[in-house]
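Spelled out from the first residue to the last, the chains are:
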Amino acid sequence: MGHVIAVAGKGGVGKTTLCGLLIQYLCEKGKKPVLAVDADSNSNLNEVLGVEVGVTLGELREEIERADMDNRYHIPVGVTKQDWLETRLADALTEEDDFDFMVMGRTQGQGCYCFVNGLVQTQIRKLQSHYPYVVVDNEAGMEHISRGLIPSMKTAILVSDCSRRGVQAAGRIAALMKELDLKPEKTGVIINRAPDGILDDGTRDEIEKQGLSLLGIIPQDEMVYRYDCDGRPLVELPEDSPVKKALYEILDGMGW
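Residues numbered from 1 in each chain as written. Predicted model: local features only at pLDDT ≥ 70, side-chain atom pairs only at ≥ 80, totals over all residues. Heavy atoms only, no water.

## Thoughts on unusual backbone geometry
In step 1: The step from K32 to P33 runs through a cis peptide bond, and the omega angle for that step is 5°.
In step 2: Checked against the element boundaries, P33 lands in the loop between α1 (15-28) and β2 (34-39).
In step 3: With phi around 60°, D196 is a residue other than glycine that occupies positive phi space.
In step 4: Take D196: it is sitting in the loop between β7 (186-194) and α8 (201-209). (Helix = DSSP H or I, 4+ residues; strand = E, 2+ residues; numbered from the N terminus.)

Here's what the structure looks like:
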């Protein structure tokens, strides 16, 4: 089975940026093909990777939900909704040279996400044996963890900024994994956007208080901000980017 890496954390801490660079790292190290999963309903991992998104799982849910009342979502006569869904799921996988990409996406209107969440879980289980590594960018917060959507994860990377609230959120996610008896082989926190790459004593104290293992520190980098503003994929950051160099050094020590 593929090695499932789940990336989680509080919203706005740079989780998706690091997730995209993690996928790039694995591909560059020859650990490909990688299955990249954007499991956030507010999906933007594709922008980090520079990938055009095809149909999302959320859109497939709409096809099935609205097939009986909307001619745009026509299911051929004699084909069950389940069979049609199985056929269409192949279209939800975008194939790139070194990785394949699947997006959860969102439902329209007030639709529940339970069905789409179930599709994410089912597809990961179905596909993970075809990939040496599966990287899942989780929705901000704790929902995917609490739903047990990624029970087979071997590595849990929690991302926080330098704030106590970010570290506390990472601590709550780690505690929830223990409560749910999820047993990744390795769990740790990466502190992102540290000024000058230095962690102050207060943040270190909070990491220790939360019982978290510190995997490493990523410095604040103006170049990441500029790339984002210009709409450039962050995987195009130069090799001497402080963010890329720091993350790659952390990942070199993961033992994958």
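Having put the structure on the table, let's press on.
## A few points about the nonpolar core
In step 1: Ranked by size, the top nonpolar core spans 40 residues in total, and within it L22, I23, L26, F99, V135 and W256 carry the most contacts.
In step 2: Tallying contributions element by element places α1 first for this core, with 8 residues.
In step 3: Residue contacts for I23: discarding those within four places in its chain leaves V34, A36, L45, L49, F99 and V135.
In step 4: Counting 30 residues, the second largest nonpolar core, distinct from the first, contains I75, W84, A92 and M104. (Core = buried A, V, L, I, M, F, W, Y, C linked by side-chain atoms within 4.5 Å. Buried < 20%, exposed > 50% of the residue type's maximum accessible area, 1.4 Å probe, protein only. Contact = heavy atoms within 4.5 Å.)

## Considerations on the environment of S160
In step 1: Note that S160 resides in strand β6 (residues 153-160).
In step 2: In the structure, S160 is positioned 141 residues away from C19 in sequence and 13 Å away in space, judged by C-alpha atoms.
In step 3: Setting aside residues no more than four positions away along its own chain, S160 makes contact with V13, G166, V167, V189, I190, I191 and N192.
In step 4: A polar atom in the side chain of S160 sits 3.0 Å from the backbone nitrogen of V167. (Polar contact = N/O pair within 3.5 Å; in protein donor to acceptor, adjacent residues only side chain to side chain.)

## Topic: the sheet that holds β6
In step 1: If you trace the 8 strands from one edge of the open sheet to the other, you get β3-β4-β2-β5-β1-β6-β7-β8, paired in mixed fashion. For this open sheet the edge positions go to β3 (93-95) and β8 (214-219), each flanked by a neighbour on one side alone. Geometrically, the sheet is characterised by an average inter-axis angle of 20° between neighbouring strands, direction not taken into account.
In step 2: Pairing analysis gives 4 bridges linking β7 to β8, with the strands arranged parallel. Each bridged residue has a counterpart across the sheet, and for A194 the counterpart in β8 is P219.
In step 3: Docked against the sheet, helix α10 (residues 242-252) engages β7 and β8, running at close to 170° with respect to β8. (Pairing = 2+ DSSP bridges. Axes fitted to C-alpha atoms, helices over the stretch in contact; angles between N-to-C directions.)

## Description of helix α5 (residues 114-127)
In step 1: Here α5 spans 20 Å end to end across 14 residues, near enough to the 20 Å set by a 1.5 Å rise per residue.
In step 2: Every buried residue of α5 is listed here: V116, N117, L119, V120, Q121, Q123, I124 and L127. (Expected span 1.5 Å × (residues − 1).)

## Points about a negative patch on the surface
In step 1: Negative charge collects at one region of the surface, where D200, D201, D205 and E208 lie side by side.
In step 2: Considering the arrangement of structural elements, one finds D205 in helix α8.
In step 3: Judged by relative accessible area, which is 46%, D205 ranks as partly exposed. (Patch = residues over 30% accessible without salt bridge, like charges linked within 9 Å, V, L, I, M, F, W, Y side chains within 5 Å. Areas by Shrake-Rupley, 256 points an atom, 1.4 Å probe, with all protein chains shown as cover. Salt bridge = Lys/Arg side-chain N within 4 Å of Asp/Glu carboxyl O. Lys, Arg positive; Asp, Glu negative; His and termini not counted. Charge placed at Lys NZ, Arg CZ, Asp CG, Glu CD.)

## Considerations on the environment of G30
In step 1: Position of G30 among the secondary structure elements: in the loop between α1 and β2.
In step 2: C-alpha separation for the pair G30 and K245, spaced 215 residues apart in sequence, amounts to 18 Å.

## Considering the pattern of salt bridges
In step 1: Inspection of the entire model under this criterion finds 10 salt bridges.
In step 2: Residue K29 is joined to D252 by a salt bridge in which the shortest nitrogen-to-oxygen separation is 3.8 Å. One end of the pair, K29, is in the loop between α1 and β2; the other, D252, is in helix α10, with 223 residues separating them in the sequence.
In step 3: By relative accessible area, which is 45% here, K29 ends up partly exposed.
In step 4: For D252, a relative accessible area of 47% translates into the label partly exposed.
In step 5: A salt bridge links D181 to K183, with the nearest nitrogen and oxygen atoms 3.6 Å apart. When sorted by exposure, D181 lands in the same class as K183, which is exposed.

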